[in-house]
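# Structure at a glance
The chain contents come next:
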Amino acid sequence: MSSVHHRTATVDGHEIFYREAGPADAPAIVLLHGYPTSSFMFRDLIPLLADKYHVIAPDHLGFGLSDAPLTDEFTYTFDALADLTSGLLNQLGLDRYALYVQDYGAPIGWRLALKHPERISAVVTQNGNGYEDGFVESFWTDVWAYGANPGPDTEPAVRAALGIEAIRWQYLHGVPDPSLVSPDTWEHDVALVSREGNDEVQLALFRDYQNNRPLYPLLHEFLRTSEVPVLAVWGRNDEIFGPAGAQAFARDAKDAEVHLINGGHFLLESHLDVVTGYLRGFLGRVLG
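Nothing here was measured: the structure is a model prediction, and the numbers come from that model.

The strand order across the open sheet formed by eight strands is 1-2-4-3-5-6-7-8, and the pairing between neighbours is mixed. Single-partner strands in this sheet number two, and they are strand 1 (4-11) and strand 8 (257-261). Shown here is a sheet whose adjacent strand axes are inclined to one another by a mean of 20°, direction ignored. In the packing of helix 2 (residues 78-91) onto the sheet, the strands contacted are strand 1, strand 2 (14-21), strand 3 (28-32), strand 4 (54-58) and strand 5 (97-101), and the crossing angle to strand 1 comes to about 115°.

Structure, rendered in C-alpha cells:
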C-alpha cells in the first residue's frame, strides 16, 4: 500500500494542511471535502488511488488541521476558500488535475474550474451539488432563511447543525447498516467544530452558501463547452443533496456517468469499495 504524507504549506500567510500520496509524475486528482469534516474523510480512499495517481487532499481553512483564524481575523467565504486552495495547488505545481468534490468541496471546486477550465481533466462529484435540483427543501429552508436575514430569529435553527446530534445524523441518515460507520467520524468533527470561535466560522459559511447558487449556470456552461468527463457517484438516500442533483449532471456533461448507491451523504464511510470501483474504472478510462 502506498505511503500517505501529511504536510503543510503556507498560503497567503495561512498554514494549510494536506495529505499527499502517489507518484509525483502520475495524473493528479484533488480531493475536496465538505462540512463538517476535513481531508480525514478521504483517509481510506487515498491509499486505494495512490498506486496510479498523484493524490492531494487539503483541509479548508477553518477545518481539520489547517489554520482556523477567528472571523474578525479572516473573512470566510467560498470565494476566499477557493482562492487559498488555488494558491496551494499553484505552490504544488499542479497545472492539470481531476477534481473529486463532496458537499462544501463542490462550490470550491466549481470556482477552481471556472477560474482555470484548462486545468481540469475530469470531475467526480460524490454528493457535491451543482444544480438547484439537488437541494432537499426540508434541509435547506432554514439555511436560506438565515442567509437572507441573519439574526436571532433565524440563527438558532442553523446553529443546531453544529451540535453532535446533527453531525451524527449527517453520517448515519440513509445508511442501511449504520454499524458500518465509525463513531470516530462524528466525534472527530465535533471536536474540531467545537473549538473556541469555530462556531462563528461555520455560521459565516452558512450565510455565504446562497452565493454559490449564481455559479451554477456558469458551471453548466463549463460542462457543456469543455466536455470534461464527469462521474456522479451519489448516496441516493442523502437528505441534504438528493439524487436529482446527481442525475442533473447528465443534462450538461457529455456522456456523464451517474451511479446512485444505497447510502447517505458520507458515502465513503459505508460504501468505500463500491465508490472506489466506480472511481478507478472512470479515471482509468478518461485519464489513461
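Moving on: the pairing of strand 2. Buried residues dominate strand 2, accounting for seven of its eight residues. Where strand 1 lies against strand 2, eight bridges are found, and the strand directions are antiparallel. For Val 11, the partnering residue across the bridge sits in strand 2 and is His 14. Counting the residues that bridge the hairpin from strand 1 to strand 2 gives two residues, and of these Asp 12 lies at a positive phi of roughly 50°. Across four bridges, the pairing between strand 2 and strand 4 is antiparallel. Along strand 4, the bridge assignment pairs Glu 20 with Ile 56.

Geometrically, a pair of aromatic rings is defined through the distance of the ring centres and the angle of the planes. All told, the structure shown has 22 aromatic pairs when counted by the stated rule. For the pair Phe 74 and Tyr 76, a centre-to-centre distance of 4.9 Å together with 70° between the ring planes defines the contact as edge-to-face. A residue is classified by how much of its surface remains accessible, and Tyr 76, at 4% relative accessible area, is buried. With centroids separated by 6.2 Å and ring planes inclined at 10°, the aromatic side chains of Phe 139 and Trp 169 adopt a geometry described as stacked. Of this pair, Phe 139 sits in helix 4 (residues 137-148) while Trp 169 sits in helix 6 (residues 164-172); the two residues are 30 residues apart in sequence, bridging distant segments of the chain.

With respect to the element layout, Ala 161 can be found in the loop between helix 5 (155-159) and helix 6. Expressed as a C-alpha distance, the spacing of Ala 161 and Leu 94, which sit 67 residues apart in the sequence, is 35 Å.

Between helix 4 and helix 8 (residues 198-208), whose axes approach to 7 Å, the crossing angle comes to 95°. The orientation of helix 4 relative to helix 8 falls into the category roughly perpendicular. On helix 8, the residues that touch Val 143, Tyr 146 and Gly 147 of helix 4 are Leu 203, Phe 206 and Arg 207. When its residues are assigned to classes, the contact of helix 4 with helix 8 shows four nonpolar, one polar and one charged.

Moving on, we come to the packing of helix 3 (residues 105-115) against helix 9 (residues 216-226). It is the contact of helix 3 with helix 9, at a shortest axis distance of 10 Å, that shows an interaxial angle of 55°. In terms of axis orientation, helix 3 runs oblique to helix 9. The two elements helix 3 and helix 9 meet at a crossing, and its hand is left-handed. Contacts from Trp 110, Ala 113 and Leu 114 in helix 3 reach Tyr 216, Leu 218, Leu 219 and Phe 222 in helix 9. Tallied by class, the residues present in the contact of helix 3 with helix 9 amount to seven nonpolar, no polar and no charged.

Conventions and cut-offs
Residues numbered from 1 in each chain as written. Predicted model: local features only at pLDDT ≥ 70, side-chain atom pairs only at ≥ 80, totals over all residues. Heavy atoms only, no water. Pairing = 2+ DSSP bridges. Helix = DSSP H or I, 4+ residues; strand = E, 2+ residues; numbered from the N terminus. Axes fitted to C-alpha atoms, helices over the stretch in contact; angles between N-to-C directions. Contact = heavy atoms within 4.5 Å. Buried < 20%, exposed > 50% of the residue type's maximum accessible area, 1.4 Å probe, protein only. Phe/Tyr/Trp six-rings, centres within 6.5 Å; stacked < 30°, edge-to-face > 60°. Parallel < 35°, antiparallel > 145°, perpendicular 65-115°, else oblique. Nonpolar A, V, L, I, M, F, W, Y, C, P; charged D, E, K, R; others polar. Left-handed = near helix turned anticlockwise from the far one by under 90°.

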